[in-house]
Amino acid sequence: MTKPGVQQNGQVGERLAPGAVIGVLGGGQLGRMMALDGTRMGYKFVTLDPQPDCPLGQISEQITAAYDNAEAAGQLAAKADVITYEFENVDAGVAALLEERSYVPQGSKLLYTTQHRLREKAAIEAAGAPVAPYREITSLESLQQAAVELGLPCVLKTATGGYDGKGQVVLREEEQLEEAYTRLASTGAELVLEKFIPFTSEISVIAARTPDGEVKSFPPAENIHVNNILHLSIVPARIPSEIQRRACQLAEQVTEGLNAAGLLAVEMFVAEDGSLYVNEVAPRPHNSGHYTMEACATSQFEQHIRAICNLPLGDTTLLSPVVMVNVLGQHLDEAISRSIRKDKAAISLGVIPKLHLYGKADSKHNRKMGHINLLCGDVEDALEWVKQTNIWRH
Ligand code: AMP
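Owing to the predicted nature of the structure, the values given are computational and were not obtained by experimental measurement.

(A) Fine view of a nonpolar patch on the surface. A grouping of Ile 336, Ile 340, Leu 355 and Leu 357 is seen on the molecular surface, where their side chains present a nonpolar patch of about 330 Å² in accessible area. In this structure, Leu 357 sits in strand S16 (residues 352–357). Leu 357 sits in the partly exposed class, given a relative accessible area of 35%.

(B) Spotlight on the nonpolar core. Counting residues in hydrophobic clusters, the biggest one holds 49 residues, and the most contacted among them are Leu 98, Met 268 and Val 278. With 6 residues, the single largest contributor to this core is helix H8 (residues 241–257). Taken domain by domain, this core gets at least three of its residues from each of domain 1 (6–104) and domain 3 (199–393). Those residues in contact with Leu 98 that sit more than four places away from it in its chain are Leu 25, Ala 73, Leu 76, Ala 77, Ile 83 and Val 104.

(C) Summary view of the environment of Lys 360. Within the secondary structure, Lys 360 is located in the loop between S16 and strand S17 (368–375). A residue is classified by how much of its surface remains accessible, and Lys 360, at 18% relative accessible area, is buried. Once you skip the residues sitting within four places of it in the chain, Lys 360 turns out to touch Gln 29, Pro 55, Arg 367, Lys 368 and Met 369. Polar side-chain contacts of Lys 360 include one of 2.9 Å to the side chain of Gln 29.

(D) Layout of the side chain of Arg 338. In this fold, Arg 338 is placed in helix H11 (residues 332–339). Residue Arg 338 is classed as buried on the basis of its relative accessible area of 17%. A polar contact is formed between the side chain of Arg 338 and the side chain of Asp 343, at a distance of 2.9 Å.

(E) Expanded view of the sheet that holds strand S8 (residues 191–195). Read across the open sheet, the 4 strands follow the order S5-S8-S6-S7; overall the sheet is antiparallel. With one partner strand each, in any of the chains shown, strand S5 (134–137) and strand S7 (168–171) form the two edges of the open sheet. Between one strand and the next, the sheet's axes are offset by a mean angle of 20°, whatever the strand orientation. Relative to S8, S5 runs antiparallel, the two being bridged by 4 bridges. In the strand pairing of S8, Arg 135 is matched with Leu 193.

(F) Representation of the packing of aromatic side chains. Under the defined criterion, the tally for this structure stands at 3 aromatic pairs. Between Tyr 67 and Phe 87 the ring centres are 4.7 Å apart and the planes differ by 50°, which places this aromatic pair in the tilted class. One end of the pair, Tyr 67, is in the loop between strand S3 (61–64) and helix H2 (70–79); the other, Phe 87, is in the loop between strand S4 (82–85) and helix H3 (92–101), with 20 residues separating them in the sequence. For Phe 87, a relative accessible area of 18% corresponds to the buried category. Geometrically, the ring pair formed by Phe 199 and Phe 269 is stacked, given 5.0 Å between the ring centres and 5° between the ring planes. Here the residue Phe 199 occupies a position in strand S9 (residues 199–209), and Phe 269 occupies one in strand S13 (residues 262–271), the gap between them amounting to 70 residues. Using a relative accessible area of 34% as the deciding quantity, one classes Phe 199 as partly exposed. For Phe 269, a relative accessible area of 10% puts it in the buried group.

(G) A look at the domain arrangement of the chain. In terms of domain boundaries, the chain breaks down into domain 1 (6–104), domain 2 (133–195) and domain 3 (199–393). Here the C-alpha centre of domain 2 lies 36 Å away from the C-alpha centre of domain 1.

(H) Structural detail: the packing of H2 against H3. Interaxial distance between H2 and H3 falls to 9 Å at its minimum, and their mutual angle equals 30°. Our classification of the angle between H2 and H3 gives roughly parallel. Both H2 and H3 take part in a crossing whose hand is right-handed. Across from Ala 70, Ala 73, Gly 74, Leu 76 and Ala 77 in H2, the residues of H3 making contact are Val 94, Leu 97, Leu 98 and Arg 101. For the contact of H2 with H3, the per-class residue count stands at 7 nonpolar, 1 polar and 1 charged.

(I) Representation of the packing of helix H6 (residues 140–150) against helix H7 (residues 177–185) in the model. One way to put it is that H6 packs onto H7 with a least axis distance of 10 Å and a crossing angle of 130°. Relative to H7, the element H6 is oriented oblique. You can see that H6 and H7 cross each other, and the crossing is right-handed. Residue-level inspection shows Leu 140, Leu 143, Gln 144 and Ala 147 of H6 in contact with H7, the latter providing Leu 177, Glu 178 and Tyr 181. Across the contact of H6 with H7, the residue classes tally to 5 nonpolar, 1 polar and 1 charged.

Calculation rules
- Residues numbered from 1 in each chain as written.
- Predicted model: local features only at pLDDT ≥ 70, side-chain atom pairs only at ≥ 80, totals over all residues.
- Heavy atoms only, no water.
- Patch = residues over 30% accessible without salt bridge, like charges linked within 9 Å, V, L, I, M, F, W, Y side chains within 5 Å.
- Areas by Shrake-Rupley, 256 points an atom, 1.4 Å probe, with all protein chains shown as cover.
- Salt bridge = Lys/Arg side-chain N within 4 Å of Asp/Glu carboxyl O.
- Helix = DSSP H or I, 4+ residues; strand = E, 2+ residues; numbered from the N terminus.
- Buried < 20%, exposed > 50% of the residue type's maximum accessible area, 1.4 Å probe, protein only.
- Core = buried A, V, L, I, M, F, W, Y, C linked by side-chain atoms within 4.5 Å.
- Domains from an automatic or database assignment.
- Contact = heavy atoms within 4.5 Å.
- Polar contact = N/O pair within 3.5 Å; in protein donor to acceptor, adjacent residues only side chain to side chain.
- Pairing = 2+ DSSP bridges.
- Axes fitted to C-alpha atoms, helices over the stretch in contact; angles between N-to-C directions.
- Phe/Tyr/Trp six-rings, centres within 6.5 Å; stacked < 30°, edge-to-face > 60°.
- Parallel < 35°, antiparallel > 145°, perpendicular 65-115°, else oblique.
- Left-handed = near helix turned anticlockwise from the far one by under 90°.
- Nonpolar A, V, L, I, M, F, W, Y, C, P; charged D, E, K, R; others polar.

Laid out in structure tokens, this is it:
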């Protein structure tokens, strides 16, 4: 359904003013932080999530049901003026139902594209952005052939369902091909082989686009992963400003090419010669954009709400250097106890730590429980704080 006065792919979109109800499919930390900013802006929130008292449900109305429950999705559509989602693996049937019964400015096409690595790569290439050379893999023979064509090392990935490094294997020698193929093919997912890019850093740029076509991006974050989970985002990224500028331009180009509405997080590799490759995109707020909460004039969450409500986009200027560090289950107790004491290390380094907790009931190893934004004069001081605190020693 198209809301009265709203042309979903048109140029003159209606603005959804404060007071409107925003429905969020998924009530985790991304939805919660969206609602924290959105509530300040005057919007109301309702979420659909199977977990009672989920992070967003604690601060909004919640419909507690499975994501693929059509009746519950219908209830969400009836209550909300506009619907968004905080994860991309939304069931296709539910996405279609929501689009029919409510206003989903992000549409289901973007989800369809980003749920599958091959479709995603094709769309990124069609937008004129470079990706690592790749091949679709349909058999062991096609893998052997592709490995010869691309040259090892390569990365074999499942086209669907992988996250945090799951569903992928780095192949360095021919002898590894058969075992890796058997293992990943057994998941039933389609496979893709990518050339391994010996990157000097991994960065991401969060861009936003309104249904009216306004596009803006945030400064690139330099991302450091530990055990395939994001550990640090460093801003400004420690790369030349010319590469930063190109990264923003590329992210905006991909956002326009994909005809996105709302946020698009664009992850990239920076190669030794300074060239950029887009690795993957996510049509939602992104962990690597949490730094914007205190460090930018507008947060990624406010920007997402502005974009889906078709308001003018906010100023993305960086107000302070910042390092975002994730707090996983194993870091939680020490992060909390440090936050309630006088932090001498922070004072002496001139770092201002801002702790964000997501309200998750169960603290588990490697589960994202919160993050800390470290405002600083220089990112090296914030990195020194991370080292000195010992919170992240395991
Ligand atoms: P992904 O699930 O595609 O985000 O990959 C997880 C991580 O694996 C990335 O953050 C990179 O560190 C690494 N990786 C994935 N693909 C490649 C590639 N083609 N070349 C080098 N490293 C890669």
